[in-house]
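Here's the letter readout for the chains.
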Amino acid sequence: MVNAAKILSDQRKYFHTGATLSYEFRMEKLKQLKIMLKKYESELFQALKLDLNKSKHEAWTTELGFLHVEIDFAIKHLKQWMNIQRTNQPTTHIGSKSYIHKEPYGNIMIIAPWNYPIQLALAPVVGAIAAGNTVVIKPSEYAVETSKLLKEMIANTFEPKFMTVVQGAIEETEELLRVPFDYIFFTGSSTVGKLIMKKASEHLTPVTLELGGKSPVIVDRHANIKLAAKRIVWGKFTNAGQTCVAPDYLLVHEKVKKQLVRAMKKQVKQFYGKHPLKNKSYIRIVHDRHFQRLKGFLSDGQILYGGAVDAEKLMIEPTLLDQVDWNAPVMKEEIFGPILPIMTFHQLDHVIADLQSREKPLALYYFGRKKKQQQKIIKHTSFGGGCVNDTLYHLANPHLPFGGVGNSGIGAYHGKYGFETFSHSKSILKQNNLFDIPLRYPGGKLTYSIAKRLLS
Ligand code: NAD
């Protein structure tokens, strides 16, 4: 059983020595993280292959390469992020100076899912280290090999009083949630996110919740169909659709549906071959329960393409599903697999009204050439983030915050936003002792009218 109280008390003691606070310490740890990823690269490729059948190319582009970019970005900007910021102030404060100090929260817990088990466990770590915290990582029990390796790598690289990995499932996570961490960063489903927030509220622990949802992709009649098909197929079937920001379903203008479907079919063949289930690099579904759930969705519409499954290998072909309506089970929850339901529209305004009536998704993708329509969709629908004429790519830009809104999450990270997430902004006013403006004190000679003029 996990001794959460001991883990936290060791990290708390260490944090209070002040060891994690200096620029030099943070920089050294970020560099060690990078060296660790290099050192264990081949073991990481192997673990990701065993857990999800990830090819080296996919493991690099969606996990390891991404992490190197995040670490390098933090190394480059750390000094500037850590700078104490001088602020402006009103005339009533003449004689004093005001500052914002970025203070580490202290002891952080990071809870990760299984779909990008390395990236989603370590990308928040980059922000947490940069901000000067200690870290406990709780990886997913479903990414068995990667979680084991994560524990080994971290134990061989960092002292447990600074950073440690606790393996386990619900019971272990609940044990960790009983003790008062200073911040909880959770990535996973909205259902579990609510439980985490409830538990965190007992200690008033702040949380970031990186959740999921049903992210739409919209293809308008003036879109570049060939490119849209390529980018949608890539975004949907990367990691076999087990991506939080994957397009969940497609809304296509009725005038271009035929053309788009034709182009998507061609594209699936180009990426995965005629028989994806025989493709050595095709990603598998993480476990049988999830596989059975996805298999059930295949009868919620008419299969236009794909639809074959391999129960032994836990694989489902990239599938295009037509004749789907909002009441079908596949449209009632996040799919999180390689099945793309297709629905049509004839007016963008109807799409907007429809999206406004649903939960706010983590992402939204709009394909269309007209600026006015692009702006309309961005302005009138709420979602975590997204792309115009692309899918997924926004999340790989370290200059952009990544996070959800409403049902898709609270808070954001990546790049500077990761540093900000794990830092408390402490406001400090430094007063002078040479003079003292009497305005605020009672019993002075200043009249109410002067005070009112200056203080309003
Ligand atoms: P999950 O919510 O089932 O599990 C996430 C983590 O929570 C795991 O570490 C798990 O051990 C732990 N957990 C599960 N049940 C728990 C409970 N009752 N109490 C305490 N801890 C518990 O999510 P998952 O299946 O691993 O991942 C899929 C979900 O995550 C999808 O909804 C997806 O959209 C979302 N996701 C979001 C992002 C993002 O960045 N926003 C990224 C990846 C996945």
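Structure: above.
Draft legend 1. Representation of the site of the ligand within the structure. Taken together, 26 residues lie near the ligand, and Ala112, Glu141, Ser189, Leu211 and Glu334 sit nearest. Interatomic distance of 2.9 Å between a side-chain N/O atom of Trp114 and an oxygen atom of the ligand. One of the backbone N or O atoms of Leu211 is found 2.6 Å from a nitrogen atom in the ligand. In the complex, the protein chains occlude 90% of the 840 Å² of accessible area that the ligand would expose alone. Listed by contribution, the elements that provide at least two residues to the shell around the ligand are helix 7 (170-178), strand 6 (183-187) and helix 8 (190-201). Split into classes, the residues belonging to the shell around the ligand amount to 15 nonpolar, 7 polar and 4 charged. When residues of the shell around the ligand are sorted by domain, at least three fall in each of domain 1 (4-211 + 406-428) and domain 2 (216-396).

Draft legend 2. How the structure looks around the sheet that holds strand 2 (residues 97-104). The strand order across the open sheet built from 3 strands is 1-2-18, with neighbouring strands paired in antiparallel fashion. Since the sheet does not close on itself, it has two edges, and those belong to strand 1 (85-87) and strand 18 (423-430), each with one partner. Here the average twist between neighbouring strands, direction ignored, is 30°. As defined by bridge partners, strand 2 adjoins strand 18 across 8 bridges and the pair is classed as antiparallel. Residue pairing for strand 18: Ser98 is matched across the bridge by Leu429.

Draft legend 3. Spotlight on the side chain of Asp220. Position of Asp220 relative to the elements: it lies in the loop between strand 8 (216-219) and helix 9 (225-237). The buried charged residue Asp220 lacks any salt bridge partner; its closest oppositely charged side chain belongs to Arg221, at an N-O distance of 6.3 Å. The residues contacting Asp220, other than those within four sequence positions of it, are His253, Val256, Phe345, Leu348, Tyr366, Phe367, Gly368 and Gln373.

Draft legend 4. Fine view of the pairing of strand 15 (residues 363-367). Within strand 15, 5 of the 5 residues are buried, leaving the element largely enclosed by the surrounding structure. Of the two faces of strand 15, the one holding Ala363, Tyr365 and Phe367 and the one holding Leu364 and Tyr366 are both buried throughout. One ladder, built from 3 bridges, connects strand 8 with strand 15; its direction is parallel. Bridge pairing in strand 15 places Val219 opposite Phe367. Pairing between strand 15 and strand 16 (residues 385-388): 4 bridges, direction parallel. Counterpart to Tyr365 in the pairing with strand 16 is Cys387. For the crossover from strand 15 across helix 13 (residues 371-380) to strand 16, the handedness is right-handed.

What counts and how
- Residues numbered from 1 in each chain as written.
- Predicted model: local features only at pLDDT ≥ 70, side-chain atom pairs only at ≥ 80, totals over all residues.
- Heavy atoms only, no water.
- Near = heavy atom within 4 Å.
- Polar contact = N/O pair within 3.5 Å; in protein donor to acceptor, adjacent residues only side chain to side chain.
- Areas by Shrake-Rupley, 256 points an atom, 1.4 Å probe, with all protein chains shown as cover.
- Helix = DSSP H or I, 4+ residues; strand = E, 2+ residues; numbered from the N terminus.
- Nonpolar A, V, L, I, M, F, W, Y, C, P; charged D, E, K, R; others polar.
- Domains from an automatic or database assignment.
- Pairing = 2+ DSSP bridges.
- Axes fitted to C-alpha atoms, helices over the stretch in contact; angles between N-to-C directions.
- Buried < 20%, exposed > 50% of the residue type's maximum accessible area, 1.4 Å probe, protein only.
- Lys, Arg positive; Asp, Glu negative; His and termini not counted.
- Salt bridge = Lys/Arg side-chain N within 4 Å of Asp/Glu carboxyl O.
- Contact = heavy atoms within 4.5 Å.
- Right-handed = clockwise from strand over helix to strand, strands pointing away.

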